Amino acid sequence: MCIRDSLCIDYKYPYYRERVLNGEIVTHHFKEDTDIPRGMIHNWLGAVFVPGAEAVKIARLLQDFDRHKEIYPEATESRTLGRDGEKVRGFLRFRNKKFITVVLNTKHDSYLTRLGDGRYIVKSYSTEIREVKNPGTPQEMELEPGRDRGLLWRMNAYWRLEQGDGGVFVECNVISLTRGIPWIIAWLVKPIVAKFPGEALAKTLEKTRQVAGHLVQQRQILLAEGDAGGEGYDQETIDFFLVLQPCGERGARAVGLLEGAIETGGGNVESEHAGLL
């Protein structure tokens, strides 16, 4: 596990830095999964580089539970439950299908720490995880902890973001707890189960890079069109729209309003976007 505020790929695994700069998504299994009484601890590190991005925008994205369902395919439902300064509470409903279909209702506390010099830490702790039985039917119900299949009992994610080399280094250390595997089938099942957290982390990093990269492209397009028109919106106004409406239907509408305003040389967009926020 990385215990410092700085990137693991700088002080622990420096050979990964060049690989992420070249566009690769790297994942690293810190050590063999740790067996504990009736459980297993999984510990994975992943990193990716987002050219042209800003660390603060990605930090906000990671805490934007309302839009996680639009960004991450396995999050079928998501919403913000509350905010208190840099702490955000959120709900996520995960659906995963590998050999079996699993639906989980989860709650998380997310904390943002600003380190300065373009560095941020976002820590997310699961506070409740319930497996859902018969999801999407009238018989849907949450199983009590300890009476489920134990496919995910706890999950903590430690994100480190650092501005540099013309973009942002995004690093995530995920530690999760699942039930143990009976010894009689462990030789067959354990190698497969051990890969799941790493595969999920790689998908999460890819989607995060994709959305953050989309924001960069949209910002460049809008700034260029604004400069060409002579009366376009400035960087701050464009950031306001793209950070609040980064993706999905509302994002497309917000970008459409901005593009239309730029084409007409300005206009009162504030009243028009009131229903989007």
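As the structure is a prediction and not an experimental result, all values here were calculated from the model. Every chain begins its residue count from 1, and numbering advances along the sequence as written. Two thresholds apply to this predicted model, a pLDDT of at least 70 for residue-level local features and 80 or more for giving and counting side-chain atom pairs, whereas whole-chain, interface and lining totals are computed over all residues. With hydrogens and water set aside, each side-chain value is computed from the structure's full complement of heavy atoms.

### Here's the deal with the side chain of Asp148
What counts, and what does not: Comment: elements are numbered from the N terminus, with helices defined as DSSP H or I runs of at least four residues and strands as E runs of at least two. Identification of polar contacts relies on pairs of N or O atoms within 3.5 Å, with a donor-acceptor requirement for protein atoms, meaning one able to donate a hydrogen and the other able to accept it, and with residues adjacent in sequence counted only if both atoms are side-chain atoms. Only heavy atoms matter for contacts: two residues are in contact if any of them lie within 4.5 Å across the pair.
Along the chain, Asp148 falls in the loop between β8 (141–142) and β9 (154–164). A polar contact of 3.1 Å, which involves the side chain of Asp148, links it to the backbone nitrogen of Gly150. In terms of polar contacts, Asp148 uses its side chain to reach the side chain of Trp153, at 3.4 Å. Excluding residues within four positions of it along the chain, Asp148 makes contact with Glu131, Leu143, Trp153 and Arg179.

### Some thoughts on the environment of Lys123
Position of Lys123 relative to the elements: it lies in strand β7 (residues 119–133). A sequence separation of 37 residues divides Lys123 from Arg160, and the C-alpha atoms of the two residues are 8.7 Å apart.

### Remarks on helix α3 (residues 55–62)
Spelled out, the test is: Relative accessibility under 20% of the residue-type maximum defines a buried residue, over 50% an exposed one, and the middle range a partly exposed one, all with a 1.4 Å probe and only protein chains included.
Most of α3 is tucked away: seven of the eight residues are buried. Of all the positions in α3, only Ala55, Val56, Lys57, Ile58, Ala59, Leu61 and Leu62 are classed as buried.

### Some words on the pairing of strand β4 (residues 75–84)
The condition is simple: Any two strands are treated as partners once DSSP identifies two or more bridges connecting them.
Relative to strand β5 (residues 87–97), β4 runs antiparallel, the two being bridged by eight bridges. Opposite Asp84, over in β5, you have Lys87 as the bridge partner. Counted along the chain from β4 to the antiparallel partner β5, the turn is two residues long, and its residue Gly85 has a positive phi close to 65°.

### A look at the environment of Arg119
Mapped onto the elements, Arg119 comes out in strand β7. On the basis of relative accessibility, which here comes to 25%, the residue Arg119 falls in the partly exposed class. Here the alpha-carbon distance between Arg119 and Val168, two residues 49 residues apart in the chain, equals 9.3 Å. With near-sequence residues (within four places) excluded, Arg119 lies in contact with Asp5, Ser6, Thr113, Arg114, Leu161 and Glu162.

### Looking at unusual backbone geometry
Even without glycine at this site, Asn134 takes up a positive phi of about 55°. Mapped onto the elements, Asn134 comes out in the loop between β7 and β8. With a phi close to 55°, Asp165 is a non-glycine residue in the positive phi region. Among the residues examined, Asp165 registers a relative accessible area of 52% and is labelled exposed.

### Re the packing of aromatic side chains
Definition in use: The rule is short: rings of Phe, Tyr and Trp, with Trp giving its six-membered ring, pair when the centres are within 6.5 Å, and they are stacked under 30 degrees, edge-to-face over 60, tilted in between. We call a charge positioned above a ring when the Lys NZ or Arg CZ atom is no farther than 6 Å from the ring centre and deviates by at most 35 degrees from the ring normal.
Per the stated rule, a full pass over the model turns up seven aromatic pairs. Grouping aromatic residues by their ring pairs yields a cluster made of Tyr13, Tyr15, Tyr16 and Phe30. Sitting above the plane of the Phe169 ring, Arg17 keeps its charged end 4.1 Å from the centroid. Positioned over the ring face of Phe91 is Arg79, at 4.2 Å from the centre of the ring.

### Points about the nonpolar core
Condition: Side-chain atoms within 4.5 Å link the members of a nonpolar core, which is a set of buried Ala, Val, Leu, Ile, Met, Phe, Trp, Tyr and Cys residues.
Counting residues in hydrophobic clusters, the biggest one holds 32 residues, and the most contacted among them are Ile58, Trp159, Leu161 and Val170. For this core, the element with the highest residue contribution is α3, accounting for six residues. With sequence-adjacent residues up to four places away left out, Ile58 is seen in contact with Val50, Ala53, Leu161, Val168, Val170, Thr208 and Ala212. Cys2, Ile9, Tyr16 and Phe169 belong to the second largest nonpolar core, which has 13 residues in total.

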